[in-house]
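Chain by chain, the residues:
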Amino acid sequence: MSTPTYDVVAIGNAIVDILSTCDDAFIDEIGVTKGSMQLMFSPEEADALYAKMGPGREVSGGSAANTVAGIAALGGKCGFIGQVADDQLGQVFAHDVRSVGIRFDTAVRAGDPTTARCLIFVTPDGQRTMNTFLGASQFLPAAALDADLIADAAILYLEGYLWDPEEPRAAMRAGIDIARKAGRKVAFTLSDTFCIGRHGGDFRALIADGLIDIMFANEAELTALAETDDYEAALAKIAAQVPTLVATRGAHGACAVQGGNRVSVKAQPIDKVVDTTGAGDLFAAGFLHGQAQGKTLEESLTLGSICAAEIISHYGARPNVDLKALAAEKLG
């Protein structure tokens, strides 16, 4: 097996986030669940909600794209596969992802729909409520995959959010097959409980078939996947089925179970939670970068915690500081 050129290549939604602050009453008014992610199924629905937003700021996002942006900021070498439309938001996304050194060669999709966008409402407690129109990203075909790029990465990283539409689901299955045949690892993030509600059977089948090497989940996702309300029981059940399980619990820290070895770390201290958008994405970035660099489970978890703490200290899901320098300072 050849030495990989890339640390991580991700397949995910190519989204531009539009963030705005609001109060809890507004979340109630628009009829969504605070702290969750809802899909919008038409550009008209997205436009109507956008019209209700206060002043916003545009930041390139997408769960897996945020993760590889974090890895790149830490000094890792990454690629991203995701689809944008031939429009202004597509140009914004492509510029932002390439500007941090990520290889991004996926062909632009002509015609409608537009590039994906996520309208994110941030309440005073820092919780983010996401409303996503998947646009062009939901039509990513398997033909758009760069097989050589996937085979040349130590880890293929997939996001559960992209499992929802049919075409990218087939593309990710094809990506898994490419990675496994090349002897590479596959990492998967469950993304949200709604993904498990819709596709839990698929996710459990992937695990049962031995296709996932590293699984990321928060507490709610883990218990939903394991079909139990007991966190410890859920952790034990899923950890017995995947080589590496990483479970995050917000302010209560995180743990990883690998080969029967369980390691836990506390959350990094932070003065104020400003916006939790991207916290899980950047935790995954730190952990995956640590593993790619041969660090221990505890060091990888700590690096993930450092990255997550930086992200929730400001608006948006891309680092605002020199993440590599911050990690070096914190880890010593």
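Conventions and cut-offs
- Residues numbered from 1 in each chain as written.
- Predicted model: local features only at pLDDT ≥ 70, side-chain atom pairs only at ≥ 80, totals over all residues.
- Heavy atoms only, no water.
- Helix = DSSP H or I, 4+ residues; strand = E, 2+ residues; numbered from the N terminus.
- Rg over C-alpha atoms; globule rule 2.2 N^0.38 Å.
- Buried < 20%, exposed > 50% of the residue type's maximum accessible area, 1.4 Å probe, protein only.
- Contact = heavy atoms within 4.5 Å.
- Areas by Shrake-Rupley, 256 points an atom, 1.4 Å probe, with all protein chains shown as cover.
- Lys, Arg positive; Asp, Glu negative; His and termini not counted.
- Charge placed at Lys NZ, Arg CZ, Asp CG, Glu CD.
- UniProt positions renumbered as here; feature names shortened; annotations may be inferred.
- Pairing = 2+ DSSP bridges.
- Axes fitted to C-alpha atoms, helices over the stretch in contact; angles between N-to-C directions.
- Core = buried A, V, L, I, M, F, W, Y, C linked by side-chain atoms within 4.5 Å.
- Phe/Tyr/Trp six-rings, centres within 6.5 Å; stacked < 30°, edge-to-face > 60°.

## Description of the overall build of the protein
- For the protein, the count of helices and strands is twelve helices and 14 strands.
- A compact globule built from 332 residues would reach a C-alpha radius of gyration of about 20 Å, and the protein, at 18 Å, matches this within 12%.
- Taken over the C-alpha atoms alone, the protein extends approximately 50 × 45 × 40 Å along its principal axes.
- Here the protein holds 332 residues, and 55% of them are scored as buried.
- Long-range pairs, those at least 24 residues apart, make up 75% of the contacts in the protein between residues at least 6 apart in sequence.
- Put simply, the protein shows about 13,500 Å² of open surface, and 49% of that area lies on carbon and sulfur atoms.
- In the protein, 26 side chains carry a positive charge and 42 a negative one; their mean positions are 5 Å apart.

## Observations concerning the UniProt feature "domain: Carbohydrate kinase PfkB" (unreviewed entry) in the protein
- The sites that UniProt annotates as "domain: Carbohydrate kinase PfkB" (unreviewed entry) are residues 57-320.
- In the segment residues 57-320, helix accounts for 40% and strand for 21%; the C-alpha atoms at its two ends are 14 Å apart.

## Quick notes on the sheet that holds strand β6 (residues 103-104)
- Strand order in the open sheet formed by nine strands is β6-β5-β1-β9-β10-β11-β12-β13-β14, and the pairing between neighbours is mixed. The sheet is open, and its two borders are formed by β6 and β14 (261-265), each paired with just one other strand.
- Note that strand β10 (residues 185-189) and strand β11 (residues 214-218) share three bridges and pair parallel. Across the sheet, the residue bridging to A187 is I214, located in β11.
- Contacting β1 (6-11), β5 (78-81), β9 (153-159) and β10, helix α3 (residues 63-73) crosses the sheet at an angle of about 165° to β5.

## Remarks on the environment of S305
- Structurally, the position occupied by S305 is in helix α11 (residues 297-311).
- Distance from S305 to H252, taken between C-alpha atoms, is 11 Å for residues 53 residues apart in sequence.
- Contact partners of S305, with chain neighbours within four places excluded, come to K266, A267, Q268 and F283.

## Considerations on the nonpolar core
- Within the largest apolar cluster, 53 residues are counted, with the highest numbers of intra-cluster contacts made by I11, F188 and L222.
- Take this core: its biggest share by element is six residues, from helix α7 (residues 193-208).
- When neighbours within four sequence positions are excluded, L222 is seen to be in contact with A217, Y231, A234, L235, I238, L245 and A247.

## Quick word on the packing of aromatic side chains
- Within this structure, the stated rule accounts for ten aromatic pairs.
- When the ring of F26 is compared with that of F121, the centres are 5.0 Å apart and the planes differ by 50°; the resulting orientation is tilted. Taken together, the residues F26 in helix α1 (residues 24-30) and F121 in strand β7 (residues 116-122) connect sequence positions 95 residues apart. The same class applies to F26 as to F121, namely buried.

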